[in-house]
Amino acid sequence: MRPPTSTLRRNVLLDRVVCQQPRLLVLVPQSRLPGTLRRTLTTSRAPAATPSQRLKAGYFVSNAFLPRLKANGIHDSASSQRSSTVASTTPTTADTADGSSSTTQPTTSTTDLPPVDNTLLPHRRRQAQRKAAAAAAAAAAAANGEITTPLINPDAPTADLAPDASSQLAAAAASAPADSLKRRLSSLLSLSKPRLTVLVVLSAMVPYALYPVPSFLTSSALDTSLAPSLSPLTLLFLTTGTTLCSASANALNMLYEPDTDSKMTRTRTRPLVRRLLTTKAAVLFAVGCGLAGTLALYFGVNPTVSFLGAANIALYAGAYTPLKRISAVNTWVGAIVGGIPPLMGWAAAAGESATGDGTWRELLFASDGSSLGGWLFAGLLFAWQFPHFMPLSWGIRHEYKAAGLRMLAWTNPARNGRVALRYSLAFIPLCVGLSATGVTEWSFAVTSLPVNAWLVWEAIKFWRLEGHKGSARGLFWASVWHLPVIMVLALAQKKGMWGRVWRSVFGESEEEEGEWVYEDEDEEEGGGVGEVVKGVVKK
């Protein structure tokens, strides 16, 4: 008896047909089945064509679905066609010689755009297409001799930033008349890299303000007219001299490498590249600022700070800048340059309260360990250069390579991430050291820990992903916020500051906190109480 057709099922492993009946299970080879039944089974194996369904809005929530979308070819081909073809469907009307009008058919114009990765999210694809179109338009304008804004690599961490102050000043100088005073001043100011100079000056001011002045920690019983204190005049000379030294170093840097600056989008608008200034004028500006800055530090602060300022100019312009073409060690030399300004601020404050000869040994290598705070601040700025510069250079690594500047971002990308992580970890012991040396309260070691942990976490992602998937951008912005937050926390938790504020507000006597009065008996008077000497001793 032939089993009914409706009860047949395909067994893929045995390539046979399983016949099911209430009491009998028979395995029949497929070759013995009638031709009609065999054709029915063969037809039923063919996969049914499923119509494409409209994707829901939540389909693109996860990147895991994108390979499925690419495999199906749904919407990707349509979006790519829309991005590469721009159709104009408006008919045009033209007048003929006999006065009649003729209507032409709609025309379609095709614009070739660079291919976009279809695995990206839709909004990311649109952003990439817009940036590619803008880059193509800017390149075409540059080929025609038109002045355009510099091209920005969309992968760079600074792609969302506005042009820096030097670029803005150079643009303002270019728009001014050739012999105008505005053109000259804007070009000279652009040579100094204003934003970088401001950061250098602030890194010198913070250690100056955080120096533990003895009048802050000693008794008020001492004559306040003799107690040392921070001098606003010294601070003025410190900031002025540091500004001039930084401007001199930056101008010498631009004088040394106009050829490489012209090959990079970040630096191609500098004044010497655009020939807004002559080389002679730039040399006079650099030398004049350097001499004025070192002299201001020498006569207004002390010789030690003046020597540090001159050494910083020599290191930046004479060592760091030439090394960029030779070895990736230039990054470490540049980090030393960044660590010197905090040491200048500390030495300036130490010079006001020096009890000895006030030489560099006393200011920088005091035997009582009071100079450790300055070296810790120098270490902070030295370590900060790496988690800040490594992701910044990664975004423009191809430009560095094309310009012939050796950076770890392209010579050794794996080491680039390791270095950024290594120096990010150094912030934790450095902040603890500031508390241990008495520069800040111990609460600073606790409050700075979350900020340091954030930087370390971003550095770990940058190291693991080697800059991809937004890790370079995340570490760059973490470093931008990290340094000012650490400095503000240190200033807000200076050692003894809030205790003095409390005593000044509530009038609590300082003798009750930790001071006592002693009497010294003169034994030469026969045991009688002679001259009573009262002194204040701090516990």
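Residues numbered from 1 in each chain as written. Predicted model: local features only at pLDDT ≥ 70, side-chain atom pairs only at ≥ 80, totals over all residues. Heavy atoms only, no water.

- The name an unreviewed UniProt entry gives the protein is Protoheme IX farnesyltransferase, mitochondrial, with Neurospora intermedia as the organism.
- Its UniProt record, at the heading Subcellular location (unreviewed entry), says of the protein: "Mitochondrion membrane". (UniProt positions renumbered as here; feature names shortened; annotations may be inferred.)

## Structural notes on the UniProt feature "transmembrane region" (unreviewed entry) in the protein
Point 1. In this structure's numbering, the residues bearing the UniProt feature "transmembrane region" (unreviewed entry) are residues 196-213, 233-256, 277-299, 305-323, 330-351, 425-445 and 474-492.
Point 2. Strand forms 0% of residues 277-299 and helix 91%; the C-alpha atoms that close the span are 32 Å apart.
Point 3. In residues 330-351, helix accounts for 100% and strand for 0%; the two terminal C-alpha atoms are 32 Å from one another. (Helix = DSSP H or I, 4+ residues; strand = E, 2+ residues; numbered from the N terminus.)

## Some remarks on the nonpolar core
Point 1. Membership of the largest hydrophobic core comes to 73 residues, with the highest contact counts inside it found for Val305, Phe377, Leu380 and Met390.
Point 2. With residues near it in sequence (within four places) discarded, valine 305 still touches Leu238, Leu297, Met344, Ala347 and Ala348. (Core = buried A, V, L, I, M, F, W, Y, C linked by side-chain atoms within 4.5 Å. Buried < 20%, exposed > 50% of the residue type's maximum accessible area, 1.4 Å probe, protein only. Contact = heavy atoms within 4.5 Å.)

## Describing helix α12 (residues 303-323)
Point 1. The terminal C-alpha atoms of α12 lie 29 Å apart, and with 21 residues this matches the ideal 30 Å at 1.5 Å per residue to within 8%.
Point 2. Inspection of α12 places Thr304, Val305, Ser306, Leu308, Gly309, Asn312, Ile313, Tyr316, Ala317, Tyr320, Thr321 and Pro322 among the buried residues, and these make up the whole buried set.
Point 3. Against the buried residues of α12 lie α7 (194-210), α9 (232-256), α11 (279-300), α13 (330-352) and α14 (360-364). (Expected span 1.5 Å × (residues − 1).)

## Points about the packing of helix α18 (residues 413-425) against helix α19 (residues 427-436)
The packing of two helices is summarised by the inter-axis angle and the distance between the axes.
Point 1. Packing of α18 against α19 leaves a shortest axis separation of 4 Å and a crossing angle of 20°. The angle between α18 and α19 falls in the class roughly parallel. For the pair α18 and α19, contact is made by Tyr423, Ser424 and Leu425 and by Phe427, Ile428 and Pro429, respectively.
Point 2. Residue composition of the contact of α18 with α19, by class: 5 nonpolar, 1 polar and no charged. (Axes fitted to C-alpha atoms, helices over the stretch in contact; angles between N-to-C directions. Parallel < 35°, antiparallel > 145°, perpendicular 65-115°, else oblique. Nonpolar A, V, L, I, M, F, W, Y, C, P; charged D, E, K, R; others polar.)

## Things to note about helix α6 (residues 181-191)
Point 1. Taken together, the buried positions of α6 are Arg183, Ser186, Ser187, Ser190 and Leu191. Here the buried residues of α6 occupy an arc of 145° about the axis, which is enough to place them on one side. Across α6 from its buried face, at more than 90 degrees, point the exposed residues Leu181 and Lys182.
Point 2. Buried positions along α6 lie against α5 (165-175), α9 and α11.
Point 3. Positive phi shows up at lysine 193, right after α6, with a value of about 50°. (Arc of directions from axis to C-beta.)

## A short note on the confidence of the model for the protein
The predicted structure's coordinates, where accompanied by low pLDDT, should not be read in detail.
Point 1. Counting all residues, the mean pLDDT for the protein is 76, and 64% of those residues have values of 70 or more.
Point 2. Contacts for the low-pLDDT stretch residues 6-25, under 50 throughout, to residues beyond four places or in other chains number 35 contacts.
Point 3. Taken together, the stretch residues 146-152 has pLDDT below 50 and engages in 11 contacts with residues farther than four places along the chain or on a different chain. (pLDDT = per-residue confidence, 0-100.)

## Some words on the side chain of threonine 440
Point 1. Its location among the elements puts threonine 440 in the loop between α19 and α20 (443-465).
Point 2. Within the structure, the side chain of threonine 440 is placed 3.2 Å from the side chain of serine 435, a separation counted as a polar contact.
Point 3. Residues contacting threonine 440, with those up to four places away along its chain left out, are Leu434, Ser435, Ala490, Gln493, Lys494 and Lys495. (Polar contact = N/O pair within 3.5 Å; in protein donor to acceptor, adjacent residues only side chain to side chain.)

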